[in-house]
Amino acid sequence: MPTRILPAVGDADAVRSLTTLLSQLPDAEPVTPVTDSTQLVDTLARLSAESVDELPEVVIVHERIGPVPALELVREVALRFPAVGVILVTTDAGPGLFSAAMDAGARGLVTLPLGYEDLAHRVQAVAQWSVGVRRHLGHGGDVFTGAGGTVVTVSGAKGGVGTTLLAVQLALAAQASGRPTALVDMDLQTGDIASFLDVQFRRSVVDLAAITDISPRILAEAVFRHDTGVALLLAPGEGERGEEVTDRAARQIVGALRSRYEVVVVDCGAQLGGAGAAVVEMADRALLVTTPDVVAVRGAKRAVRMWDRLQIRKAEETTVVVNRHSRGTEIQPGLVRKITGTPVAATVIPAHFKELQSAVDAGRVHALDGRSTVRQAMWTLAGELGLVAAPEGSQHRKSGRAGRGGERASAGFRRRRE
């Protein structure tokens, strides 16, 4: 079988030189080169959306590719497309760059000027590795091979506003609709997901913090598979160990999960450190939970402004979720929108703690009664955020009818009619 090779080279002269050599390699099938990092990632995403078998076995990244630096591009490709082997072409053959390239996820290094023997040997070795990985993934069964899953972060305006409960229910709704889902506890010092779901597991997110090349096997060992099917990556039992999770480690961990699951829900808690900030920055959707009281809404406004100042996330890219809402509350969603300057989710979570108390106290919020108005609202919010897989044929319906169809597709997904 020919080896498909995709060069990512920004320099025209380097493209000609590399293409000429690749065309001479036995059983090689060079693909049309891409000229920048954006084009490379878009091309791989388009191919992987069709099938993992459509991806090239080897990607060759030139050191002068842009606008994303070569090592960062290698890391992104390795995390998002783990079945693709990456070779870095560089003028620096020193041990420092070699170590950095391996840490980023490269499978090989070729120095400039290019030589036929060196390039042929490296391409052959990386291609064999890629074929072996694909054979392994082909028997994995639960490996998500799309262009990259959706990452949703859930943060609190202050403590006690219901951040963890919402994160858990969003993950349960996505999993129940048939989408492979991971739930991450990035509230590193006071995380409660394990208590909410009544699980005990010795592995945690800290076990991945020092690993620079997170393989599917390593990830599987750190993740706990809950009875509901949701994959859990828990906070450490010793809160002081949370400091071991740096912002770089958090990016790598969530990136690895994104390459394996369709939906990744991250509970960031109310105290946002470096790791949580990094995840919020890279998320597709960032939720900020508040309750309709002055203290919480002020906290939400303060958080939004801080994220903007630190260039973590703009206000218009953050969605505020109003929890424990009632019609008699003086602060309504419209006022929250005006105060925070952010979009507010159309779905509000009603204030019915009595429905939750027994499930929370027992640590079994996954067994919450499907007739619970709180659970129904949270699962409806999951549909609003696009986390719930739509039923077949729903694209031909109006949005309101499609929403009800999506609810029917999820177990226990029912809305109380008033």
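Anything mentioned here points back to the structure above.
Residues numbered from 1 in each chain as written. Predicted model: local features only at pLDDT ≥ 70, side-chain atom pairs only at ≥ 80, totals over all residues. Heavy atoms only, no water.

S.K.: Would you take a moment to explain the packing of aromatic side chains for this structure?
M.R.: Here a ring pair, both rings aromatic, is described through the centre-centre distance and the interplanar angle of the planes. Evaluated as defined, the whole model comprises one aromatic pair. Ring geometry for Phe-201 and Phe-224: centres 5.2 Å apart, planes at 50°, overall tilted. Taken together, the residues span a long stretch of sequence, with Phe-201 in the loop between helix 7 (193–196) and helix 8 (216–222) and Phe-224 in strand 8 (residues 224–225) at a distance of 23 residues. Taking the relative accessible area as the measure of exposure, Phe-201 reaches 30% and is therefore partly exposed. A relative accessible area of 21% means that Phe-224 is categorised as partly exposed. Its end group placed over the ring of Trp-379, Arg-375 keeps NZ or CZ at 3.9 Å from the ring centre. (Phe/Tyr/Trp six-rings, centres within 6.5 Å; stacked < 30°, edge-to-face > 60°. Helix = DSSP H or I, 4+ residues; strand = E, 2+ residues; numbered from the N terminus. Buried < 20%, exposed > 50% of the residue type's maximum accessible area, 1.4 Å probe, protein only. Lys NZ or Arg CZ within 6 Å of the ring centre and 35° of its normal.)

S.K.: What's the story with the packing of helix 6 (residues 163–176) against helix 14 (residues 373–384) in this structure? I'm lost.
M.R.: The axes of two packed helices give the description: the angle between them and the distance between them. Running from amino to carboxyl end, helix 6 crosses helix 14 at an angle of 65°, the nearest separation of the two axes being 9 Å. Relative to helix 14, the crossing made by helix 6 is right-handed. Taking contact as the criterion, the partners of Leu-165, Leu-166, Gln-169, Leu-170, Leu-172, Ala-173 and Ala-176 in helix 6 are, on helix 14, Arg-375, Met-378, Trp-379, Leu-381 and Ala-382. Considering only residue class, the contact of helix 6 with helix 14 consists of 10 nonpolar, one polar and one charged. (Axes fitted to C-alpha atoms, helices over the stretch in contact; angles between N-to-C directions. Left-handed = near helix turned anticlockwise from the far one by under 90°. Contact = heavy atoms within 4.5 Å. Nonpolar A, V, L, I, M, F, W, Y, C, P; charged D, E, K, R; others polar.)

S.K.: Mind showing me how you'd approach the nonpolar core here?
M.R.: The tendency in soluble globular proteins is for nonpolar side chains to be buried side by side. Core analysis: the biggest nonpolar cluster contains 49 residues, and Met-186, Val-205, Leu-208, Leu-233, Val-245, Leu-257 and Val-266 have the highest contact counts within it. The leading source of residues in this core is helix 9 (residues 247–258), at six residues. If we ignore the near neighbours within four places in the chain, the residues touching Leu-208 are Ile-214, Ile-218, Leu-219, Ala-222, Leu-233 and Ile-253. Counting residues in each nonpolar core, the second largest holds 41 residues, with Ala-171, Leu-234, Leu-368 and Leu-387 among its members. (Core = buried A, V, L, I, M, F, W, Y, C linked by side-chain atoms within 4.5 Å.)

S.K.: It is not clear to me how the sheet that holds strand 5 (residues 108–111) should be interpreted in this structure. Could you clarify?
M.R.: Each strand in a sheet pairs with its neighbour through backbone hydrogen bonds, running either in the same direction (parallel) or in the opposite one (antiparallel). Taken together, five strands build an open sheet; the order of strands is 2-1-3-4-5 and the sheet is parallel. Every interior strand has two partners, whereas the edge strands, strand 2 (28–30) and strand 5, have only one. Sheet twist, expressed as the mean angle between neighbouring strand axes with direction ignored, is 25°. (Pairing = 2+ DSSP bridges.)

S.K.: Honestly, the pairing of strand 12 (residues 318–322) in this entry has me stumped. Any pointers?
M.R.: On any regular strand, side chains alternate: one points to one face of the sheet, the next to the other face. Counting buried positions along strand 12 gives five out of five residues, so the element sits mostly inside the fold. Alternating positions in strand 12 separate into two faces, Thr-318, Val-320 and Val-322 on one and Thr-319 and Val-321 on the other, with burial throughout. Examined bridge by bridge, strand 11 (residues 285–290) and strand 12 share five bridges and lie parallel to one another. Of the residues in strand 12, the one forming a bridge with Leu-288 is Val-320.

S.K.: Would you mind showing me how to read the pattern of salt bridges here?
M.R.: A side chain with one charge can pair with a side chain of the opposite charge if their charged atoms come near. Scanning all chains against the criterion turns up nine salt bridges. Between Glu-76 and Arg-80 there is a salt bridge, with its nearest N and O atoms 3.4 Å apart. With a gap of four residues between them, Glu-76 and Arg-80 both fall in helix 3 (residues 70–80), about one helical turn apart. The class for Arg-80 is partly exposed, based on a relative accessible area of 22%. Across the pair Asp-284 and Arg-258 runs a salt bridge, and its minimum N-O distance is 2.7 Å. One end of the pair, Asp-284, is in the loop between helix 10 (274–282) and strand 11; the other, Arg-258, is in helix 9, and 26 residues separate them in sequence. Since its relative accessible area comes to 40%, Asp-284 is described here as partly exposed. Relative accessible area serves as the criterion here: at 14%, Arg-258 is assigned to the buried category. (Salt bridge = Lys/Arg side-chain N within 4 Å of Asp/Glu carboxyl O.)

S.K.: I would appreciate a short explanation of helix 3 in the present structure.
M.R.: Of the residues making up helix 3, those classed as buried are Ala-70, Leu-73, Val-74, Arg-75, Val-77 and Leu-79. Contacts from the buried residues of helix 3 go to helix 2 (37–50), strand 3 (58–62), strand 4 (85–90), helix 4 (95–104) and helix 9.

S.K.: What exactly am I supposed to notice about the environment of Val-152 here?
M.R.: Positionally, Val-152 belongs in strand 6 (residues 150–156). Its relative accessible area of 0% is what places Val-152 among the buried residues.

S.K.: Explain the environment of Gly-115 to me, please; I cannot follow it from the model alone.
M.R.: The residue Gly-115 is located in the loop between strand 5 and helix 5 (116–138) in this model. Given the relative accessible area of 29%, Gly-115 is considered partly exposed. Taking the C-alpha atoms as reference, Gly-115 lies 9.8 Å from Leu-18; in sequence the two are 97 residues apart.

S.K.: I keep staring at the packing of helix 9 against helix 10 and nothing clicks. Help me out?
M.R.: Put simply, helix 9 and helix 10 touch, their axes get as near as 7 Å, and they point 45° apart. Relative to helix 10, the element helix 9 lies oblique. Helix 9 and helix 10 meet at a crossing whose hand is right-handed. Along the contact surface, helix 9 presents Asp-247, Ala-250, Arg-251, Val-254, Gly-255 and Arg-258, while helix 10 presents Gly-274, Ala-275, Ala-278, Val-279, Glu-281 and Met-282. Along the lines of polarity and charge, the residues of the contact of helix 9 with helix 10 split into six nonpolar, two polar and four charged. (Parallel < 35°, antiparallel > 145°, perpendicular 65-115°, else oblique.)

S.K.: Sorry, what's going on with helix 1 (residues 12–24) here?
M.R.: Across its 13 residues, helix 1 extends 19 Å between first and last C-alpha, which sits within 8% of the 18 Å expected from 1.5 Å per residue. Taken as a whole, helix 1 has its buried residues at Ala-14, Val-15, Leu-18, Leu-21 and Leu-22. Down the axis of helix 1, the buried side of the element spans an arc of 140°, and every buried residue falls inside it. Turned more than 90 degrees away from the buried face of helix 1 sit Asp-13 and Ser-23, all of them exposed. (Expected span 1.5 Å × (residues − 1). Arc of directions from axis to C-beta.)

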